[in-house]
Amino acid sequence: MTVRYGVVLFDDAFRKGRVAKMRAATNGFASIEGGKARRIKSVTELESDVRWLTNFGFQDFNGNLLGRHPNLYSAGFLRIDLAQLSDEIGAGAEQLPVDAAAEALSGLFSRVMQLATSLLQVDLAKPIAAGITKTLCEFINARTVNRNVPPDEINSAMEHSFQTWNACMSKFPTDWKSVTLRRPRYLHAIDILTTPVPSERRWTYLQGQRLPSLNADRIEWCLGNELPVLANIVVRGRRGGLADLISYSSGSSLPRTWASQPELLLLSQYCDVEVLGAFVCEGGFEHQAELDSFPSLGDFSLASTSLGILAENFWVAMASPRIQKGRKFYPPRAIWYRAMDRVLMFMRAAELHRNQFKIFGYGTGSVIAYYPSGATQDMVALATELGLDVPVSKYAELRTEVRLGADE
């Protein structure tokens, strides 16, 4: 039986300004594979041969017991929240009527999943480990079984090096507007996955006594080593400059005390870094077998929004911890990939910062920035110069600003 894919937009989540504690899974529009949307009053009216992406976040999704149904997925299933995706493609509440938005989003969701099935053999019927949220990333991960169990000491070091999002400590005026700017997803995935990453085996710890005596020489030794190095470090930001933008550890769920070579290179340029010791991988850098199945549409790859979403889920899956028998393991590749992601986005965030934009945070191919009212055109121009995609919703905002300017 051919699986179909659809989107359900519940009224309570689509309308802005809703203040009720719990949104109701009743009344909304449903569309299958981009087809004409129809009105529904209950999820029981949805076809059983369709996998449905809803616009309910985690709390509302589970509060309405939708997590009990194998054919229903929360708004974050594609890793990017459905509301944010709507803004990106111009299908938000301010751009399209809800039925038209459901049609546009269901068409996109269907194309992403058809590519995931045909190019990656993703199987949504395959169960994933208990306690793991159903997301496309997790289903991509479920294709590959890795039973390697790293020693506790190296796994702990990797855990205290892992970070997905860099939150900046700066404040911004309350009347400024926010925007999420993003590198083209497919291009960013390629840049991340071409980063050489270490083997999971043969890691050796070197205490400070076995490293060069001078700290500057230790940093140079770590960065210039032909083998992968994970450094045990203490970081102190230098006054002024871009140290506030780096905000080492800010946004991490744990205090960070370790850094891979790509991140150490960045930190050493803007912060005072002391190296206390290091893990060295005698297994060297290692090709990742999953890369052989990296999805592609040939010459059309960079132009495909749906393939870009799939590629982002692909690299994030490879850059995430593994869960085995209730334990979380941090593969070295996840540390290196995430570090390279933050380095690439720091470079864009730094340019925005130099141009007087306020940076809220960056990571996973995106930067959240704040800018004053009336500066949308400046924001769009700089983002374009930096190779960042601007949400379609912001162009509607720009047109409004231009009209208001012409009326003055």
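See the structure printed just above.
Cut-offs applied
Residues numbered from 1 in each chain as written. Predicted model: local features only at pLDDT ≥ 70, side-chain atom pairs only at ≥ 80, totals over all residues. Heavy atoms only, no water. Buried < 20%, exposed > 50% of the residue type's maximum accessible area, 1.4 Å probe, protein only. Helix = DSSP H or I, 4+ residues; strand = E, 2+ residues; numbered from the N terminus. Contact = heavy atoms within 4.5 Å. Phe/Tyr/Trp six-rings, centres within 6.5 Å; stacked < 30°, edge-to-face > 60°. Salt bridge = Lys/Arg side-chain N within 4 Å of Asp/Glu carboxyl O. Core = buried A, V, L, I, M, F, W, Y, C linked by side-chain atoms within 4.5 Å. 1 Å grid on protein atoms, 1.4 Å probe; cavity = no way out; pocket = protein on both sides within 12 Å on 5 of 7 lines; lining within 4 Å. Points joined across faces, edges and corners; volume = space filled by probe spheres on them. Nonpolar A, V, L, I, M, F, W, Y, C, P; charged D, E, K, R; others polar.

Of the residues making up helix α10 (residues 261-270), those classed as buried are Q261, P262, E263, L264, L266 and L267. Lining the buried residues of α10 we find α8 (215-224), β9 (229-237), α9 (243-246), β10 (258-260), β11 (271-281) and α12 (332-354).

In the structure shown here, the tally under the stated rule is 17 aromatic pairs. Of the aromatic side chains, those joined through ring pairs into one cluster are Y5, Y73, F77, F109 and F139.

What follows is about the side chain of K394. As for its placement among the helices and strands, K394 is situated in helix α14 (residues 392-407). Ignoring any residue separated from it by four or fewer positions in sequence, one finds K394 in contact with K177, S178, V179, Y371, T376 and M379.

Scanning all chains against the criterion turns up 21 salt bridges. Of the charged contacts, one joins E88 and R185 as a salt bridge, the two residues approaching to 3.0 Å between their closest N and O atoms. Of the two residues, E88 sits in helix α3 (residues 82-89) while R185 sits in helix α7 (residues 185-193), which places them 97 residues apart along the sequence. Accessibility classification places E88 together with R185 in one group, the buried group.

All right, on to the nonpolar core then. Counting 62 residues, the largest nonpolar core has L9, F77, L78, M113, L136 and L230 as the members making the most contacts within it. For this core, the element with the highest residue contribution is helix α4 (residues 98-120), accounting for 11 residues. Leaving out residues up to four positions away in the same chain, L136 has contacts with F77, L78, V112, M113, A116, V122, L310 and N313. Listed in part, the 45 residues of the second largest apolar core include A243, V280, A349 and F357.

With that settled, the discussion passes to empty space enclosed by the protein. Within the structure shown, the criterion is met by 3 cavities of 30 Å³ or more. What the largest cavity holds in volume is close to 80 Å³. Residue lining of the largest cavity: N166, I246, Y248, E263, L266, L267, A339, R342, V343, F346 and Y362, and that is the complete set. If you list the elements that add at least two residues to the lining of the largest cavity, you get α10 and α12. Among the elements that take part in the lining of the largest cavity, α12 stands out by supplying 4 residues, more than any other. If you add up the space inside the second largest cavity, you get close to 60 Å³. Forming the walls of the second largest cavity are I140, N141, R143, T144, E290, F314, A317, M318 and R333. Those elements that place two or more of their residues in the lining of the second largest cavity are α5 (136-141) and α11 (305-318). Looking at the lining of the second largest cavity residue by residue, the class counts come to 4 nonpolar, 2 polar and 3 charged.

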